[in-house]
Amino acid sequence: MRVLVVEDDPRLAEVLETGLTAEGFDVDVVHDGADGFWQAREGAHDVVVLDVLLPSLDGYQVARRLRSERVWIPILMLTAKDGEHDEAGGLDVGADDYLRKPFSFVVLIARLRALARRGSTPRPRMLSHGGLVLDPESGECTVDGSPVSLQPRERALLEVLLRNRGRVLSKDRLVNAVWGLESSTDTSVVEVYVSFLRRKLGAGRIQTLRGLGYRLVDPDA
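- Under an unreviewed UniProt entry, the name given to the protein is Response regulator transcription factor, and the organism recorded is Amycolatopsis suaedae.

Below, the structure written as structure tokens:
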């Protein structure tokens, strides 16, 4: 697997290159956002490890530009420790996953392999189901044509449900997808955010399957 690392901290970039190479990855490293964008745009890599704070273009700009040009290479974004806004911002502009610094190298490897298995699957700009529409890039959401204001975590949770519409997703899986594998967040937070979404979207759109999890449904079906 060929990995592009976009990281301006020389020491961290070297650690990533050394560790990933030792795991059998083919690694290319660049140190600013503009170079990262052009390298990722060429399509020679399987996945990108993208820092948020970069010279010339930051990580958000790189991800946004790639997605606007319909470049669907999986992106794992590296965020500041406890950077909740970094995480939400990364998901909003098209990143597929994120890790907080400092991070576990074992978890990084597992995430990269999972993203590579997913591949560069085209993702429609607009996600929709039963009158519910979400633009993951802008965060705009409408229900039956009426705009709905969502907070970053609400948008991230709704995006996961929309991308898996009709499927039952456990609380653990939703925590991992929205808050991260390394998060110590209790699964009860999912109930809280599901209740937030129900109040804003309508109670009949998110179904609870006791002991199993949640799934998005069309209330008119």
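And the narrative resumes.
### So, the overall build of the protein
Reasoning step 1: From N to C terminus, the protein includes eight helices and 11 strands.
Reasoning step 2: Rg of the C-alpha trace for the protein: 18 Å, near the compact-globule value of 17 Å for 221 residues, within the 12% margin.
Reasoning step 3: Across its three principal axes, the protein shows a C-alpha extent of roughly 50 × 35 × 25 Å.
Reasoning step 4: Across the 221 residues in the protein, those meeting the buried criterion constitute 48%.
Reasoning step 5: Taking the intrachain contacts of the protein between residues at least 6 apart in sequence as the baseline, contacts between residues at least 24 apart amount to 58%.
Reasoning step 6: Accessible surface, the protein as shown: approximately 10,800 Å² in total, 48% of it carbon and sulfur.
Reasoning step 7: The average position of the 29 basic charges and that of the 34 acidic charges among the side chains of the protein differ by 7 Å.

### Remarks on the domain arrangement of the protein
Bring the parts together and some accessible area is lost; that lost area is often taken as the interface size.
Reasoning step 1: Looking at the assigned domains, one finds that the protein contains domain 1 (2-120) and domain 2 (127-216).
Reasoning step 2: Look at where the C-alpha atoms of domain 1 and domain 2 centre, and you get two points 25 Å apart.

### Looking at the pairing of strand β1 (residues 2-6)
Reasoning step 1: Counting buried positions along β1 gives four out of five residues, so the element sits mostly inside the fold.
Reasoning step 2: With five bridges joining them, β1 and strand β2 (residues 26-30) adopt parallel strand pairing. Paired with V6 across the bridge in β2 is V30.
Reasoning step 3: Between the parallel elements β1 and β2, the chain passes through helix α1 (residues 10-22) in a crossover that is right-handed.

### Some thoughts on the environment of P74
Reasoning step 1: Along the chain, P74 falls in the loop between α3 (59-68) and β4 (75-79).
Reasoning step 2: Spatially, the C-alpha atoms of P74 and T187 are 26 Å apart, while their sequence positions differ by 113 residues.
Reasoning step 3: Residues in contact with P74, not counting those within four places in the same chain, are D46, V47, V48, R67, D96, L115, G119 and S120.

Criteria and thresholds
Residues numbered from 1 in each chain as written. Predicted model: local features only at pLDDT ≥ 70, side-chain atom pairs only at ≥ 80, totals over all residues. Heavy atoms only, no water. Helix = DSSP H or I, 4+ residues; strand = E, 2+ residues; numbered from the N terminus. Rg over C-alpha atoms; globule rule 2.2 N^0.38 Å. Buried < 20%, exposed > 50% of the residue type's maximum accessible area, 1.4 Å probe, protein only. Contact = heavy atoms within 4.5 Å. Areas by Shrake-Rupley, 256 points an atom, 1.4 Å probe, with all protein chains shown as cover. Lys, Arg positive; Asp, Glu negative; His and termini not counted. Charge placed at Lys NZ, Arg CZ, Asp CG, Glu CD. Domains from an automatic or database assignment. Pairing = 2+ DSSP bridges. Right-handed = clockwise from strand over helix to strand, strands pointing away.

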